[in-house]
Amino acid sequence: MTNTGGGGPRPRTSWWREGAITTLAFALCLLGGVLQVDDTLSPPSVSAYVIAVVSCAVLPVRHRAPLAALAATTAVGVLVPPLGLLLTPLIVTPAVITTYSYSLAARTERRAASAVVLTSAALAAAIPAFGDFSWKDASRMGVVAAFPLVAGVLGHSVRNRRAYLEAVEERARRAEQNRESEARRRVAEERVRIARELHDLVAHQITLANAQATVAAHLFDIRPEQTRTSLKELVETTSHALDELRATVGLLRQSGDTAAPAEPAPGLSRLPTLLESFRRAGLEVSVHQEGTVRPLPPGVDLTAYRIVQEALTNVTKHAGTGSARVRLVWTGDRVTITVADDGGGTRSTPTASTGPTASSGPTASAAADRSPGYGLIGMRERATAVGGHLSAGRRPEGGFLVSAQLPLPPAQDPTRDRDRATTTEEGQMTDGEAGGAP
């Protein structure tokens, strides 16, 4: 691509190309000077050398000052007839070259067209302005006028082509940047999703296992039989944790998308099993529902289950109480899930029906020093992802409250369905009667 900019250093290949163009233009100018006015051939005169040298000397500056170079070469071409030379397209080759360059570098199409037309008209008008005018001169005038016009059209086409290629390259570059940013965004979202899934799948089981192990250690000396039961429940909990972790890691290691998950995603239908696991760990959970229970979309159903699971896990880990309350309120367009406890925020030791209510020693201090996790963050992200809202905080009367509002699909109107069915049956009966009429 020709450099049409300012006076910066030009590449070495560009200098070689400029030298070749200038040499070729000089040779064509001298060749045009061989033709005489009387249609004879003779060696180039001094005037021909002057025309060639002056016009070709302007060519190297046509990129920095294209309009000035075009005016200079045009003026030199107009002086060809007064010097006794025959004005032909060969002798005005530098003017044709500068016309092409100016059309290529012009800022606007109107300026380029005006300059090209003026150059063509000036060169053509120089033929009848000096000497007699004949039909041969008329044909020569047309040819001389056509060459700058053709060069201007070529320069305009090349400029449009370069502008089109630059626009295509710019769009490709922006598309590549957008693809990279989109890929980074998707990777970040996938990392957050994987971290949330691993947290929800594993943290629940590990918390229950920790609570059961604490109960077993506390009852080891005073109630061996109950200790044996707690240890059996601990084995089952850790076995479930390993199975879920193995399934999750196996899903992540797959190279392609699976046609369907190995088992359905958990939802509120599995809430009794979830609550039973907490009861085995020493947390008594009561459930209260209001309104008409409706089926939830898979994403909302999974979100509701995970919010209850994580909220009860936090109660087991941090509440310092042995009970919690889960409330589900079904309204027209949303389901409200609340999980509340009356704890004081101290790490408790989950017990059986008769066990200690608070821990002491290294376990409590380690739990107090533990940095906060990502449970609340994950619950908020899940609720926001399905178009819901989640709030969590301490209750004025004591304890902690987690409240989530999740959207519900629009309920179908049974009256409208019955009317639609009645209308369909009446239409079918009418069609039958019409078909059976003689």
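Above this note sits the structure.
Residues numbered from 1 in each chain as written. Predicted model: local features only at pLDDT ≥ 70, side-chain atom pairs only at ≥ 80, totals over all residues. Heavy atoms only, no water.

**Q** Please clarify how the packing of helix H4 (residues 93–105) against helix H5 (residues 109–129) should be interpreted in this entry.
**A** Geometrically, a packed helix pair is captured by the angle between its two axes and the distance between the axes. Closest axis-to-axis distance for the H4/H5 pair is 9 Å, and the angle between their directions is 170°. Considering the angle they form, H4 stands roughly antiparallel to H5. Remark: the crossing between H4 and H5 carries left-handed chirality. Contacts from Ala95, Thr99, Tyr102 and Ser103 in H4 reach Arg111, Ala112, Ala115, Val116, Thr119 and Leu123 in H5. Within the contact of H4 with H5, the residues separate by chemical class into 6 nonpolar, 3 polar and 1 charged. (Axes fitted to C-alpha atoms, helices over the stretch in contact; angles between N-to-C directions. Helix = DSSP H or I, 4+ residues; strand = E, 2+ residues; numbered from the N terminus. Parallel < 35°, antiparallel > 145°, perpendicular 65-115°, else oblique. Left-handed = near helix turned anticlockwise from the far one by under 90°. Contact = heavy atoms within 4.5 Å. Nonpolar A, V, L, I, M, F, W, Y, C, P; charged D, E, K, R; others polar.)

**Q** I keep staring at the nonpolar core and nothing clicks. Help me out?
**A** Burial of nonpolar side chains together is a common tendency in soluble globular proteins. Judged by nonpolar contacts, the single largest core of 34 residues is most densely connected at Leu296, Leu312 and Leu406. Of all the secondary structure elements, the ones that give two or more residues to this core are helix H6 (135–218), helix H8 (271–280), helix H9 (298–319), strand E2 (323–330), strand E3 (334–341), helix H11 (375–385) and strand E5 (400–407). By residue number, the principal contributor to this core is H9, which donates 9 residues. Ile51, Val92, Ala95 and Ala126 belong to the second-largest nonpolar core, a separate cluster that totals 13 residues. (Core = buried A, V, L, I, M, F, W, Y, C linked by side-chain atoms within 4.5 Å. Buried < 20%, exposed > 50% of the residue type's maximum accessible area, 1.4 Å probe, protein only.)

**Q** What is the right way to read the pattern of salt bridges from this model?
**A** If charged atoms from side chains of opposite charge come close, those side chains can pair. Enumeration according to the criterion identifies 11 salt bridges in this entry. Between Arg174 and Glu170 there is a salt bridge whose closest N-O contact spans 2.9 Å. Of this pair, Arg174 and Glu170 both sit in helix H6, 4 residues apart, roughly one helical turn. (Salt bridge = Lys/Arg side-chain N within 4 Å of Asp/Glu carboxyl O.)

**Q** It is not clear to me how H8 should be interpreted in this structure. Could you clarify?
**A** Side chains of residues three or four places apart in an α-helix project in the same direction, reflecting 3.6 residues per turn. Of all the positions in H8, only Leu271, Leu274, Leu275, Ser277 and Phe278 are classed as buried. Buried residues of H8 fall within an arc of 155° about the axis and therefore sit on the same side. Turned more than 90 degrees from where H8 packs its buried face, Pro272 and Thr273 sit exposed. The first or second residue beyond H8 is Gly282, which carries a positive phi of 105°. (Arc of directions from axis to C-beta.)

These results come straight from atomic positions and should not be treated as a statement about function.
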